[in-house]
Amino acid sequence: MNRFVKLLVALFVLAGCLIFAGALAGGLMDDRAFTQQAKDAAH
């Protein structure tokens, strides 16, 4: 059971890293999303 939990955590972390890397490569983390205009539009 302990091995299964460690494997599950490792896969979850790996999936998170892959999603983050994909977002960076795909331009989803665009700098324009963090401008003052974007913050004003969110409120």
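Below you will find a few notes about this structure. (Residues numbered from 1 in each chain as written. Predicted model: local features only at pLDDT ≥ 70, side-chain atom pairs only at ≥ 80, totals over all residues. Heavy atoms only, no water.)

Glancing now at the overall build of the protein chain. What the protein chain contains, in helices and strands, is 2 helices and 0 strands. Expressed as a percentage of its 43 residues, the buried residues of the protein chain come to 2%. Surface exposure of the protein chain reaches about 4,200 Å², of which carbon and sulfur atoms provide 70%. (Helix = DSSP H or I, 4+ residues; strand = E, 2+ residues; numbered from the N terminus. Buried < 20%, exposed > 50% of the residue type's maximum accessible area, 1.4 Å probe, protein only. Areas by Shrake-Rupley, 256 points an atom, 1.4 Å probe, with all protein chains shown as cover.)

Here we come to a nonpolar patch on the surface. On the surface, M1, F4, V5, L8, V9, F12 and V13 cluster together into a nonpolar patch covering about 790 Å² of accessible area. As for its position among the elements, V9 is in helix α1 (residues 2–26). (Patch = residues over 30% accessible without salt bridge, like charges linked within 9 Å, V, L, I, M, F, W, Y side chains within 5 Å. Salt bridge = Lys/Arg side-chain N within 4 Å of Asp/Glu carboxyl O.)

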